[in-house]
Amino acid sequence: MKTLPGRPLLIGHESILLPPRCHLEADALEIAGNVQHDTVLLVENWECFDRIHAVKLDFSAAGTNPLVLWRGGSGEARVDASMQFLKTLNRPVWAFVDYDPAGLVIAATLPGLQGIIAPNSEVLIALLEKHGLEDRYRTQLPTAVPSLDRSGHPAVAFLWPLLRQAGRALPQEIFIGLG
């Protein structure tokens, strides 16, 4: 876990300022009762978590000082731990995930999901057209479509048709260092 650049990590009685590319690794369930952040920004991929200071997206919807939490890689015990932590913490969650069917499924299943961090639809459509990955999109469709079609979350219902129309996936790493 960490925070957005220049913001204090609020766990326990003292705040901690972490430099870029630094994070705190702790037993999340042990510290859940001491977390003083009002919201959580869950980040799907390690590179974006590690370099959150270089991501060119507006995170303000997630609050002024969200706790930034890495989800953990697929198949890792960290994924289960992060989901349990979110349930225990019981705070509003904003998802920063890949703009692909699997990323939307991850977001849709998060406890306390308030929204998905994304650029405006015009920018997202342009990036999908220019940098989108057709194979990745097609590969994820069979397992993702049923849950995405059933999802009633407004953020998923907004983004899913954009991805379907483009027929492409966009990794969240595209926003590292974008001008």
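The structure we're discussing is the one just above.
Residue positions are counted from 1 within each chain, in the order its sequence is given. A pLDDT threshold of at least 70 governs which residues receive local features in this predicted model, and a stricter bar of 80 or more applies before side-chain atom pairs are shown or counted, although totals over entire chains, interfaces and linings include all residues. The basis for every side-chain value is the complete set of non-hydrogen atoms in the structure, without hydrogens or water.

Novice: So, the overall build of the protein chain: which residues are in play, and what are the values?
Specialist: Only DSSP runs of H or I covering at least 4 residues are called helices, and only runs of E covering at least 2 are called strands; the numbering of each starts at the N terminus. Summing up its helical and strand segments, the protein chain has 7 helices and 6 strands in all. Helices (α) and strands (β) of the protein chain occur, in sequence order from the N terminus, as β-β-α-β-α-β-α-β-α-β-α-α-α. Taken over C-alpha atoms, the radius of gyration is set against a globule rule of 2.2 Å times the number of residues to the power 0.38. Computed over its C-alpha atoms, the radius of gyration of the protein chain comes to 16 Å, within 12% of the 16 Å expected for a compact globule of 179 residues. For the protein chain, the C-alpha atoms occupy an extent of roughly 50 × 35 × 25 Å along the three principal directions. By definition in these notes, contact holds between two residues if any of their heavy atoms fall within 4.5 Å. Of the contacts formed within the protein chain by residues at least 6 apart in sequence, a portion of 71% connects residues at least 24 apart. Here the accessible surface of atoms and residues is derived via Shrake-Rupley with a 1.4 Å probe, and residues count as covered only by protein chains that are part of the display. Total accessible area on the protein chain is roughly 8800 Å²; 52% of this is exposed by carbon and sulfur atoms. The averaged location of the 19 negative side-chain charges in the protein chain is 3 Å from the averaged location of its 15 positive side-chain charges. For the purpose of counting charges, residues Lys and Arg are taken to be positive, whereas Asp and Glu are taken to be negative. His and the chain ends are not included. To locate a charge, take NZ of a lysine, CZ of an arginine, CG of an aspartate or CD of a glutamate.

Novice: Break down the sheet that holds strand S4 (residues 67-70) for me, citing the residues and quoting the values.
Specialist: The pairing of strands in a sheet comes from backbone hydrogen bonds and takes either a parallel or an antiparallel form. Here 4 strands make up an open sheet; going across it, the order is S4-S3-S5-S6 and the pairing parallel. Strands at the two margins of the open sheet, each flanked by one partner only, are S4 and strand S6 (113-116). Shown here is a sheet whose adjacent strand axes are inclined to one another by a mean of 25 degrees, direction ignored. Any two strands with at least two DSSP bridges between them are considered paired. Relative to S6, strand S5 (residues 93-96) runs parallel, the two sharing 3 bridges. Each residue of the ladder has a partner; that of Ala95, found in S6, is Ile116. Only the stretch in contact is used when fitting a helix axis, every axis being a line fitted to C-alpha atoms; angles between N-to-C directions are given from 0 to 180 degrees.

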